[in-house]
Amino acid sequence: MLSDFISLFFPRYCMACGNSLVKGEEVICLKCDYEMPRTESHEDAQNFVAIKFYGKVRLTDAVACYKFSKHGKVQKLLHRLKYDGKPSIGEFIGRKYGIELRDNGFSECYDLIVPVPLHKIKLRRRKYNQSAVFADGLSQSLGLPFSDRHLVRTIKTSTQTRKSRFERWRNVESIFEINYPEVLKEKRILLVDDVITTGSTIESCANALLSAGCRSVGVAAIAAAK
Ligand SMILES: [Zn+2]
C-alpha cells in the first residue's frame, strides 16, 4: 500500500531503458532483464572469460553475468552505475547473480569477496566504488564476507616532464598493493569487477593477491567483452 502510494509520487524507472517499473520490478524491468545478453559462463569452466586468462594467471573460476557490447543495454547500465550516481544497480545485479553463483557452489568454494579497488582520488570524486557495491550484493546472496580494505590501488607516476601530455597520461601506471596480508593467508578469494575487457587489471590484482599468500583466486564480473 505504502509503496504504491510512494511510486505514485516518485515513479521508479528502469535503469536500462527508462520505462516506468511496475509492481514487483526492481532497478531493471523484466523486459530488459530478459533481453540483456547473458554469458551463462558459470555453467562452463572453459568459457570465453576464463580463456582470456589462460597462460597468464591461474584462476579457479572466471565468470561474468552479461556479455558486454558497445552501445547496448549492458553498456548503458554500467555507465549509469559508474558515472550517474546509481550504486543500487551494482548491488541489485550482485544480489541477483549471487543467487545463481550460490546455486553453482560458489559459497563453498570461497572465503572472502574482494572488489577491484579504485584509486582514492577517484573514489572521493565518485563517492563509491562500482565494483564494491557489486561485491556487497554478491556477499548478501552468497553469505560470504567482503572486504575492500585489503587490495588497494596506488599510482606510480614517472616524472618525465619533456613528454607530451598524452604520453604522460600513458605513463601513469596503476599498481595494486596488499594491506594486512596476514588476514588473507590461505584464503580463497573471489575477486570482483564491473567489466572485464582485456583482463589485464584482473591479472595484476590476482597476482598481487596470490603473492600475498592467498590460496586461490576466482573472478566474477557484471559483464565481460568478447
Ligand atoms: Zn527496461
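Computed from a predicted model, the values in this text were never measured in an experiment. (Residues numbered from 1 in each chain as written. Predicted model: local features only at pLDDT ≥ 70, side-chain atom pairs only at ≥ 80, totals over all residues. Heavy atoms only, no water.)

Where do I start with the packing of helix 4 (residues 73-83) against helix 5 (residues 87-103) in this structure?
Helix packing geometry: the angle between the two helix axes and the distance between the axes. Relative to each other, helix 4 and helix 5 sit at 125°, their axes nearing to 7 Å. It follows from the interaxial angle that helix 4 and helix 5 lie oblique. Between helix 4, through L77, R80 and L81, and helix 5, the contact on the second element is made entirely by P87, I89, G90 and I93. A breakdown of the residues in the contact of helix 4 with helix 5 according to their chemical character gives 5 nonpolar, 1 polar and 1 charged. (Axes fitted to C-alpha atoms, helices over the stretch in contact; angles between N-to-C directions. Helix = DSSP H or I, 4+ residues; strand = E, 2+ residues; numbered from the N terminus. Parallel < 35°, antiparallel > 145°, perpendicular 65-115°, else oblique. Contact = heavy atoms within 4.5 Å. Nonpolar A, V, L, I, M, F, W, Y, C, P; charged D, E, K, R; others polar.)

Help me out: how do you make sense of the nonpolar core in this one?
Generally speaking, nonpolar side chains in soluble globular proteins are found buried as a group. Judged by nonpolar contacts, the single largest core of 38 residues is most densely connected at I28, Y66 and I93. The contacts of Y66, once residues within four sequence positions are left out, are I28, D33, M36, P37, R38, T39, V74, I93, K96, I222, A223 and A224. (Core = buried A, V, L, I, M, F, W, Y, C linked by side-chain atoms within 4.5 Å. Buried < 20%, exposed > 50% of the residue type's maximum accessible area, 1.4 Å probe, protein only.)

In this structure, what is going on with the coordination of the zinc ion? I would like to understand it.
Six octahedral donors at a metal ideally form angles of 90 or 180 degrees, and four tetrahedral donors ideally form angles of 109.5 degrees. Around the zinc ion, the protein contributes the donor atoms C14 (SG), C17 (SG), C29 (SG) and C32 (SG), which lie 2.2 to 2.3 Å from the metal centre. Positions of the donor residues of the zinc ion along the chain correspond to the pattern C-x2-C-x11-C-x2-C. Of this pair, C17 sits in the loop between helix 1 (2-9) and helix 2 (30-35) while C29 sits in the loop between helix 1 and helix 2; the two residues are 12 residues apart in sequence, bridging distant segments of the chain. (Donors = N, O, S within 2.8 Å, 3.2 Å for Na, K, Ca; no water.)

Please explain the packing of aromatic side chains as it appears in this structure.
How two aromatic rings sit relative to each other is set out by the distance from centre to centre and by the angle between their planes. Under the defined criterion, the tally for this structure stands at 1 aromatic pair. Its guanidinium or amino end placed over the ring of F48, K226 lies 5.0 Å from that ring's centre, counting from NZ or CZ. (Phe/Tyr/Trp six-rings, centres within 6.5 Å; stacked < 30°, edge-to-face > 60°. Lys NZ or Arg CZ within 6 Å of the ring centre and 35° of its normal.)

I would appreciate a short explanation of the pairing of strand 5 (residues 188-196) in the present structure.
Working note: regular strand, side chains alternate between the two faces of the sheet. Counted residue by residue, strand 5 has 7 buried out of 9 residues, so it is predominantly covered. Where strand 2 (residues 112-115) and strand 5 come together, 4 bridges link them in parallel fashion. Looking across to strand 5, one finds that L112 is bridged to I189. (Pairing = 2+ DSSP bridges.)

Would you take a moment to explain helix 5 for this structure?
Along an α-helix, a turn takes 3.6 residues, which lines up residues three or four apart on a common side. Helix length check: helix 5, at 17 residues, gives a terminal C-alpha distance of 25 Å against a target of 24 Å (1.5 Å per residue), a fit within 8%. The complete set of buried residues in helix 5 reads I89, G90, F92, I93, G94, Y97, G98 and L101. Buried-residue contacts for helix 5 involve strand 1 (62-68), helix 4, helix 6 (106-109), helix 8 (130-142) and strand 6 (216-225). Looking one or two places after helix 5, you find G105, whose phi comes out positive at around 85°. (Expected span 1.5 Å × (residues − 1).)

Any chance you could explain the sheet that holds strand 1 here in plain terms?
Consider a sheet: its strands pair through backbone hydrogen bonds, and that pairing is either parallel or antiparallel. Read from one edge of the open sheet, 4 strands run 1-6-5-2, paired in parallel fashion. Every other strand in the sheet has two partners, leaving strand 1 and strand 2 as the edge strands with one partner each. The mean angle between the axes of side-by-side strands here comes to 20°, regardless of whether they run parallel or antiparallel. Contacting strand 2, strand 5 and strand 6, helix 8 crosses the sheet at an angle of about 130° to strand 5.

Would you explain helix 11 (residues 200-211) in this entry?
The end-to-end C-alpha distance of helix 11, which contains 12 residues, comes to 16 Å, matching closely the 16 Å that a straight helix rising 1.5 Å per residue would cover. Downstream of helix 11 by a residue or two, G213 has a phi angle that is positive, lying close to 105°.

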